[in-house]
Structure formats: C-alpha cells, structure tokens
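# Tertiary structure, described
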Amino acid sequence: MKNSSKAVVEKMFEAFSEGDVEKFVGTVSEDTVWIYHGTQIIPAGTFEKKEGVRTFFTNIMERTEIINFEPQQYIVEDNMVVVLGKEHQRVKRSGRELKQKWVQIYTVENNLITKMEEFATSEEVS
C-alpha cells in the first residue's frame, strides 16, 4: 500500500510537470476534494470532484510559468502521503516571480487521490 500510494502521487506530479491536464485529472477520484489554504500572496480555494481539480490545474498553467517544482521529502503512512517541497514560478501577466515552500497531504484510495490539502508560504523575489 505504501509504495502504491506514493507512486500515485508521483504520477500526478509527473503529469503536473508535463503540463498534461488529462493525465493529472486521471490520478484523482470522482469525489476528490482539494483544499488549498492559500499563502501571503495566493488566495485560498477548495476544489471538488474531477472538474474542480481540472480548474485547479488549468488556473495554475494559464496564470503562471513554473520555473522550478521540487518535491523534496515524502512521508508515507498507510494510504496517506505527505510531501514537503518548494517551487518557483513567474506570474504571466505581471512578470512577478514567487517562491513557495509547501506541505501537501494526500489521501489515496484504490490508486486514486481522494483528498489533497496544501499549506504553503510564499514570497516575491526579484
């Protein structure tokens, strides 16, 4: 169970890195819930079901250029995967660059992500 849960999250990250929305959405369950608690700069949001996750993904891809996305540590227990990571992105409209550190908590059931909750901090960089 541990390795398969981690593999599902890694597959989702791979789809994110490739910008592949269908592969990304294919890693989540029909009733998935994604909760993003927001940062000092980026607003909070809750995204439900596959369509909500599709919106979450397309908002990021349409609004930002991902300069670096780096999951740094995985902690796996039963069907829960906690990932600590960081990212660097450029806002397409303004050119502002943001760096974030985050913790993402995934629940995986039947090889699909049923819940994601993210806690992040962000700062503007020049």
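Figured I'd write up the structure that's included with this text. (Residues numbered from 1 in each chain as written. Predicted model: local features only at pLDDT ≥ 70, side-chain atom pairs only at ≥ 80, totals over all residues. Heavy atoms only, no water.)

### Looking at the nonpolar core
- Membership of the largest hydrophobic core comes to 24 residues, with the highest contact counts inside it found for V9, M12, F13, F24, W34, Y106 and I113.
- Looking at which element gives the most residues to this core, the answer is helix 1 (residues 2-18), with six residues.
- The contacts of M12, once residues within four sequence positions are left out, are F24, T27, W34, Y106 and I113. (Core = buried A, V, L, I, M, F, W, Y, C linked by side-chain atoms within 4.5 Å. Buried < 20%, exposed > 50% of the residue type's maximum accessible area, 1.4 Å probe, protein only. Helix = DSSP H or I, 4+ residues; strand = E, 2+ residues; numbered from the N terminus. Contact = heavy atoms within 4.5 Å.)

### Points about the environment of N111
- Along the polypeptide, N111 turns up in the loop between strand 5 (97-109) and strand 6 (112-125).
- Note: C-alpha distance between N111 and V28 (83 residues apart in sequence) is 8.5 Å.
- With sequence-adjacent residues up to four places away left out, N111 is seen in contact with S4 and V8.

### Let's talk about unusual backbone geometry
- For D78, which is not glycine, the phi dihedral falls at a positive 55 degrees.
- The phi dihedral of N110 falls on the positive side, at around 55 degrees, and the residue is not glycine.
- On the secondary structure map, N110 appears in the loop between strand 5 and strand 6.
- Residue class for N110 comes out exposed when judged on its relative accessible area of 76%.

### Here's the deal with the side chain of T32
- Tracing the backbone shows T32 in strand 1 (residues 28-36).
- Side-chain polar atoms of T32 contact the backbone oxygen of I113, separated by 3.1 Å. (Polar contact = N/O pair within 3.5 Å; in protein donor to acceptor, adjacent residues only side chain to side chain.)

### Side note on the sheet that holds strand 5
- Reading across from one edge, 2-1-6-5-4-3 is the order of the six strands in this open sheet, with mixed pairing throughout. What marks the edges here is a single partner per strand, and that holds for strand 2 (45-48) and strand 3 (64-77). Adjacent strand axes in the sheet meet at a mean angle of 15 degrees when their direction is disregarded.
- As judged from the 13 bridges shared by strand 5 and strand 6, these two strands associate in the antiparallel manner. Pairing of K99 across the sheet is with E123, part of strand 6. (Pairing = 2+ DSSP bridges. Axes fitted to C-alpha atoms, helices over the stretch in contact; angles between N-to-C directions.)

That's the geometry; what it means functionally is another story.
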